[in-house]
Protein chains: 2
Amino acid sequence: MPESSGAELALLLLGGFRSMVDTVQQELAERGHGGVRPVHEFALRAIGAGADTASDLGRRLTVSKQAAAKTIAFLEANDYVRRESDPDDARRKRLRITPRGDELLTVGQALFNDVRAQWGQQIGIEELEMLEAQLAKLVDPGHPRLSIPGWLASELGESVS
Amino acid sequence: MPESSGAELALLLLGGFRSMVDTVQQELAERGHGGVRPVHEFALRAIGAGADTASDLGRRLTVSKQAAAKTIAFLEANDYVRRESDPDDARRKRLRITPRGDELLTVGQALFNDVRAQWGQQIGIEELEMLEAQLAKLVDPGHPRLSIPGWLASELGESVS
DNA sequence: GCAGATGGTTAACCAGGTTGTCTATCTGGG
DNA sequence: CCCAGATAGACAACCTGGTTAACCATCTGC
């Protein structure tokens, strides 16, 4: 069997993902957001989409609340979110995105879109859209756990505004 | 337009990769290769392709020789490779794939191809081939890092343990 | 023949996840 | 009204894959 091996396809997909993410990460670093990784941006997006406590964020990311807390710790330490106590429930620490956090989301989104636009130039926008459509057909039929689209696609669609 | 955000595309790529890899990994486990993860298979492939020492493997996977050594340790412990001393260079421990390792490669390849074939049925084989061709155009072939970043590696890990 | 490159090992550490345990705080049924 | 149980969060120990750094043994080239 010649060049079209399934393993190669897998590597292509991973390579594509990495390529996008690496580019965005690097540009982000050059814009004053060094150290930010995709996982942080995704978490921030989930917070923007309504996950206002650590436990809640954990649920949305299908990750333990402790893991979510660690991510939040990073976001707080870097002034992307603030944690303020909830007057209605003393157990909770409500999460609020800071202006800097908003800025990160905006810039991040724009950078991802830039990469995508770049790709569109390389292979043609229509081809790119077809690629997306077909990938969506293949990926969406949800794999059991956290095939990503489930927990993120909705949040990703909407801007944080 | 939420429809075509770059971030979403990135997630689609990741989702596609994960989807393939999860499937293969699961099938592998059912065929007596439990605990094997993509990184192991890729490493084994690299060894098969000529990486016959730990340092060499590290270079091919763009990973430190120490990291490569850890992977090799797993492969050796599970009887996928053997390490034998090199008569021509006492520093080296040459890597040789065992029959079981060969079997893993064969089965793994077949499983990946199965998934790919499945995808071909879902969206049409021609469409799939086009998708591959375009992806290949986009992914820098000179930068084919196989290495999986830590934050992703954990996602690829088995939660069974 | 020796300086320097190279292979391998070990150790300390990091990042992000996990589970388990503990406290404080809500909440609902008797 | 009160206590059992659920929930939020914090902390600790541990796992997995990576990273550097340091070190020894062994080649290699001038």
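What counts as what
- In this numbering scheme, every chain counts its residues from 1 along its sequence in written order.
- Chain letters start at A and ligand numbers start at 1, both assigned in the order the entries are written.
- Confidence filtering applies because this is a predicted model: local features only for residues at pLDDT of at least 70, side-chain atom pairs given and counted only at 80 or more, and all residues used for totals across whole chains, interfaces and linings.
- Here the side-chain values reflect all heavy atoms present in the structure, with hydrogen atoms and water set aside.
- Think of it this way: DSSP has to see at least two bridges between two strands before they count as a pair.
- Counting from the N terminus, the helices are DSSP H or I runs at least four residues long and the strands are E runs at least two residues long.
- Angles here are taken between N-to-C directions and fall from 0 to 180 degrees, while the axes themselves are lines fitted to C-alpha atoms, restricted in helices to the stretch in contact.
- Any angle from 65 to 115 degrees is called roughly perpendicular, while one under 35 is roughly parallel, one over 145 is roughly antiparallel, and all others are oblique.
- Any two residues whose heavy atoms approach within 4.5 Å at even a single point are treated as in contact.
- Residues are grouped as follows: nonpolar covers Ala, Val, Leu, Ile, Met, Phe, Trp, Tyr, Cys and Pro; charged covers Asp, Glu, Lys and Arg; every other residue, Gly included, is treated as polar.
- Salt bridge, as applied in this entry: a Lys or Arg side-chain nitrogen positioned within 4 Å of an Asp or Glu carboxyl oxygen.
- Only protein chains enter the accessibility calculation, which uses a 1.4 Å probe; a residue whose area is less than 20% of its type maximum is buried, one above 50% is exposed, and one in between is partly exposed.
- A cutoff of 4 Å decides nearness: a residue is near a molecule or strand if any of its heavy atoms lies inside that distance of it.
- A 3.5 Å cut-off defines polar contacts: any pair of N or O atoms within that distance qualifies, except that in protein one atom must be a possible hydrogen donor and the other a possible acceptor, and neighbouring residues in sequence count only when both atoms are side-chain atoms.

Caption draft 1: Representation of the pairing of strand β2 (residues 89–97) of chain A within the structure. Residues and elements named next belong to chain A. When strand β1 (residues 81–86) meets β2, the two strands line up antiparallel, connected through six bridges. Within β2, the position partnered with Glu-84 by the bridge is Arg-94. Joining the antiparallel neighbours β1 and β2 is a turn of two residues.

Caption draft 2: Quick peek at the packing of helix α5 (residues 99–123) of chain A against helix α1 (residues 6–30) of chain B. α1 of chain B packs onto α5 of chain A with a crossing angle of 75 degrees between their chain directions and a minimal axis gap of 7 Å. Considering their axes alone, α5 of chain A and α1 of chain B lie roughly perpendicular with respect to each other. Where α5 of chain A approaches α1 of chain B, its residues Phe-112, Asn-113, Arg-116 and Trp-119 of chain A are matched on the opposing element by Gly-6, Ala-7, Leu-9, Ala-10 and Leu-13 of chain B. Taken together, the residues of the contact of α5 of chain A with α1 of chain B sort by class into six nonpolar, two polar and one charged.

Caption draft 3: Structural context of the pattern of salt bridges. Residues and elements named next belong to chain A. In this structure the tally under the stated criterion is 18 salt bridges over all chains. Salt-bridge contacts for Glu-84 lead to Arg-96; the nearest nitrogen and oxygen are separated by 3.5 Å. Placement of Glu-84 in strand β1 and of Arg-96 in strand β2 is noted, with a sequence separation of twelve residues between them. Overall, the relative accessible area of 23% leaves Glu-84 in the partly exposed class.

Caption draft 4: Highlighting the protein's contact with DNA strand D. The environment of DNA strand D is made up of 22 residues, and the closest members are Lys-65 of chain A together with Arg-37, Gln-66, Lys-70 and Ala-90 of chain B. In DNA strand D, atoms within 4 Å of the protein come from the sugar-phosphate backbone in 58% of cases. In this structure, Arg-59 of chain A approaches DNA strand D through a side-chain N or O atom, which is 3.4 Å from a phosphate oxygen. Secondary-structure elements contributing two or more residues to the surface near DNA strand D are α3 (54–60), α4 (65–77) and β2 of chain A together with α4 (65–77) and β2 (89–97) of chain B. Considering every element that reaches the surface near DNA strand D, the biggest residue donor is α4 of chain B, with four residues. Grouping the amino acids of the surface near DNA strand D by side-chain chemistry returns five nonpolar, six polar and eleven charged.

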